[in-house]
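These are the residues of each chain, in order.
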Amino acid sequence: MYKPGGTIADALTAIASKEYVLPAIQREFVWKPAQIEKLFDSLMQGYPFGTFLFWKVNAETSSKFKFYDFVLNYHQRDAAHCPELGPIHHREVVAVLDGQQRLTALNIGLRGSMAIKLPNRWWTNPDAFPLKTLYLNLIASNDPDEDGVCYEFRFLTEEQATRTETTYWFPVPKALLMEDGPAMLTGLMADGLEKEELQVAYKNLDRLHSVIHKDNLINYFEEKTQDLERVLNIFIRLNSGGTVLSYSDLLLSVAVAQWKQIDARSEIHKCVDELNRTGAGFDFSQDFVLKAGLMLADIASVGFKVENFTSANMAKLEAEWSKIRSTLIKTVELVASFGLNGQTLRADSAILPIAYYLHQLGPPQNYVTHTSFQEDRKAIQMWLIHSLLKASGIWGSGLDTLLTALRETIQKSGQNRFPSSELGRVMAQRGKSLSFGDDEIEELLHVRYGDKRTFALLSLLFPFVDLRNQFHVDHVFPISRFTPTKLKKMGFDEELSKTLAQLANELPNLQLLEGAMNNEKRAKLPADWLQLAFNGNIQNKENYQEKHALEDIPENLEGFQEFIVYRREKLRDLIQQTLNAEKGV
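Here the structure is a predicted model, which is why all the values come from computation and not from measurement.

Visitor: Provide a residue-level description of helix 6 (residues 195-213), including the pertinent values.
Guide: Taking 1.5 Å of rise per residue, 19 residues should cover 27 Å, and helix 6 covers 26 Å from first to last C-alpha, within 8% of that figure. The complete set of buried residues in helix 6 reads Leu 198, Ala 201, Asn 204, Leu 205, Leu 208, His 209, Ser 210, Val 211 and Ile 212.

Here is the structure:
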C-alpha cells in the first residue's frame, strides 16, 4: 500500500536534513540536463510523477550500513559522484531504493547547479565546465512543441540568462524560498514587465510555486526490513527487469554488499576518476573498470551476467583489487603516451587485452618510458591502432567472447612479450581480421576531421612524432579559408567551392601538429607558415616537409586540388606499407 509523502518542498527538506539518504547499493546520478528540464515541464503540466520505494532504517540498525548523500552541485569532472555520509549513529533514516534519479533532479533543479563539459574542449581545461542553474522563461508561450513540451526550462549560465523581447529567465531555485500571492506579484512588477507579459509571468510562476509547495506529489511504498540481503534482492528484482540499471550497476551493488575490507563504491569511482585525469583526459566509465576487474581477476566470463555475481567471485575481485587498480592506471598511462585521449580512443574495450597482458607481466614502474621495453610498447601500439582503425569495428558485437579468447591467448603466449601476431590470428578466426584490403585503405584515405580514427591513423603514419606532447589534428590549409564567401571572393564557382570545402576536411589536408605550433600557425597558409617556422632555413624546412609528406606545397588555394591528389597518393603508399607490414596482422 502506497503512502502519501507530501510535497516536493517537503522531500527537499528531508534531503537537506539528511533524513532521506541513498544506500550504498544505489548507482550514481546519470540524468542529463535535458532530462531534468523535461521532468520540470511534466510536473508543470500535471503529468504523473511516479511512486517511490523507501527503505525505513531503524535507529537501532542504521549505524550498520553505509549511506550517501544526494548530488546537489553536479560537476561532470570534479563532483559527479554522490557524496559520502559519515557514520549514522542511533538515528532513523529513509533510504531511497527507487526514485533517486527523480529526487536528485529536483534537488539540483531547485537547490543546486550543473557543470557539463562543453563540446570539443579538453577535460583538463577548467573553463570547459561552465556553471549552470535551472531557469524558467516566464513569458514564453505555453503552446506545446513537437515533443509536447509546454514550459521552457533551461540550464543557463548567469550571462546566458539575459532579458530579451521573448525571454524573461527566472531562476527556479528562487521559487523554493518564495512566498506566493502579493509578494510574488510585487517582485514581478518591480522588473518592469508589460501588462500582458506580467499576466503570463504571474500565471507561470504561480504554477511553479504550486508544484513545489502545494501539490502532494510524493507517494511511496515503504520497506521496513532491516536485512540487507533482502533489500539487495528487492533492489535487483526491481531494476533488472527493465533498462533502469545495467548489469554493471547490479554488479557494483553486489560488490558493495559483499566486499568485506574495501568500500567498493568509493574505490571504483576513485579509480574511474584517476584514469580519466591521466594525460589529456579520458572518458572511462564504471562499466569499463568493472569489466576490467572481471577480466584481470580471471573470472570465467567477462560478461555482466548474473552467474558472475557469486560471493566467491566478488571475494576474488576484492582480494586482487589493489593490483588490478595499479595495472589499469599503468595501462592508461601507456595509452596516453601513444597520444590517445578521450576524444581519440575510439573503443575503451580495446585496451583491456593490453591491461591483462601488463597484469600478467607485472611491469616495473618505469615500463612506459624505459628503453628496454621500447619494442614491447611498439608492438602494443601497432596492435591497438590497427584494431581502432577498422571501419567495421572490432570492439562491438561478440565483445565478451572475443575478450575471453584474447585473454586465453595472452595466458599461453604473453609471458615475455606482447603477443600481437597470436592475437591477430585469433581475431581473424572470429571474423575480426586486423589486415586491410584495398577498399578499406581507400576508405581510410577519406576519413574526416573529427573522426576518432584520424589521430590514430596519423600517429601510425608518422611514428617519429613524440606523442607525449599534446598534439592536435590540424588542417594543412586552414579550414577558415574554405567558407563559401571567401572562396567566391577568390573566384571559385559554387560547385568547385563545395568540392574544395569537402576535401579540406579529409585526411590529405590533415597533419599532426604540436599544440604550441598549432597556435602559432592558426589561419596562415602552409607555405607562409613553413617559411616563418623555420626562419628561412631551407634544409630544415625541406626535411620537415619530406618527413610529413608535405612536399610541393602551393603558395595559395589555386593549387590546392593538385596538392590533395599528390598527398593522397603519398599517404596511400604509407598506409599500405604500414598497416599490412606485419605478418599475422
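Here the narrative resumes, following the displayed structure.
Visitor: Before we move on, can you summarise the packing of aromatic side chains with the specific residues and values?
Guide: Summed over all chains, the structure comprises 18 aromatic pairs. Considering the side-chain rings of Phe 282 and Phe 284, the 5.2 Å spacing of their centres and the 20 degrees angle between planes classify their relative orientation as stacked. Taken as a pair, Phe 282 and Phe 284 share a single burial class, namely buried. Aromatic pair Phe 482 and Phe 560: ring centres 4.9 Å apart, planes at 55 degrees, arrangement tilted. Here Phe 560 lies in helix 24 (residues 560-579) and Phe 482 lies in the loop between strand 12 (471-475) and helix 19 (484-489), a separation of 78 residues in the sequence. Judged by its relative accessible area of 0%, Phe 560 falls in the buried class. A cation over a ring is seen here: Arg 265 above Tyr 68, with NZ or CZ 4.2 Å from the ring centre. Above the plane of the ring of Phe 436 lies Lys 390, whose end atom (NZ or CZ) is 4.5 Å from the centre.

Visitor: Outline the nonpolar core, listing residues and values.
Guide: Ranked by size, the top nonpolar core spans 84 residues in total, and within it Trp 383, Leu 384 and Trp 395 carry the most contacts. For this core, the leading source of residues is helix 12 (residues 321-337), giving eight residues. Excluding its chain neighbours within four sequence positions, the residues that come into contact with Trp 395 are Ala 347, Ser 349, Ala 350, Pro 353, Trp 383, Ser 387, Leu 402, Leu 403, Leu 406 and Met 427. By size, the runner-up hydrophobic cluster in this structure holds 59 residues, among which are Phe 40, Leu 106, Tyr 151 and Ala 201.

Visitor: Can you explain the pairing of strand 11 (residues 219-223)? Please cite residues and give values.
Guide: Across two bridges, the pairing between strand 1 (residues 3-4) and strand 11 is antiparallel. For Pro 4, the partnering residue across the bridge sits in strand 11 and is Asn 219. As paired elements, strand 3 (residues 52-57) and strand 11 share four bridges and run parallel to each other. If you follow Trp 55 over to strand 11, its bridge partner there is Glu 223.

The rules behind each value
Residues numbered from 1 in each chain as written. Predicted model: local features only at pLDDT ≥ 70, side-chain atom pairs only at ≥ 80, totals over all residues. Heavy atoms only, no water. Helix = DSSP H or I, 4+ residues; strand = E, 2+ residues; numbered from the N terminus. Expected span 1.5 Å × (residues − 1). Buried < 20%, exposed > 50% of the residue type's maximum accessible area, 1.4 Å probe, protein only. Phe/Tyr/Trp six-rings, centres within 6.5 Å; stacked < 30°, edge-to-face > 60°. Lys NZ or Arg CZ within 6 Å of the ring centre and 35° of its normal. Core = buried A, V, L, I, M, F, W, Y, C linked by side-chain atoms within 4.5 Å. Contact = heavy atoms within 4.5 Å. Pairing = 2+ DSSP bridges.

By themselves, these observations are geometric and do not establish any function.
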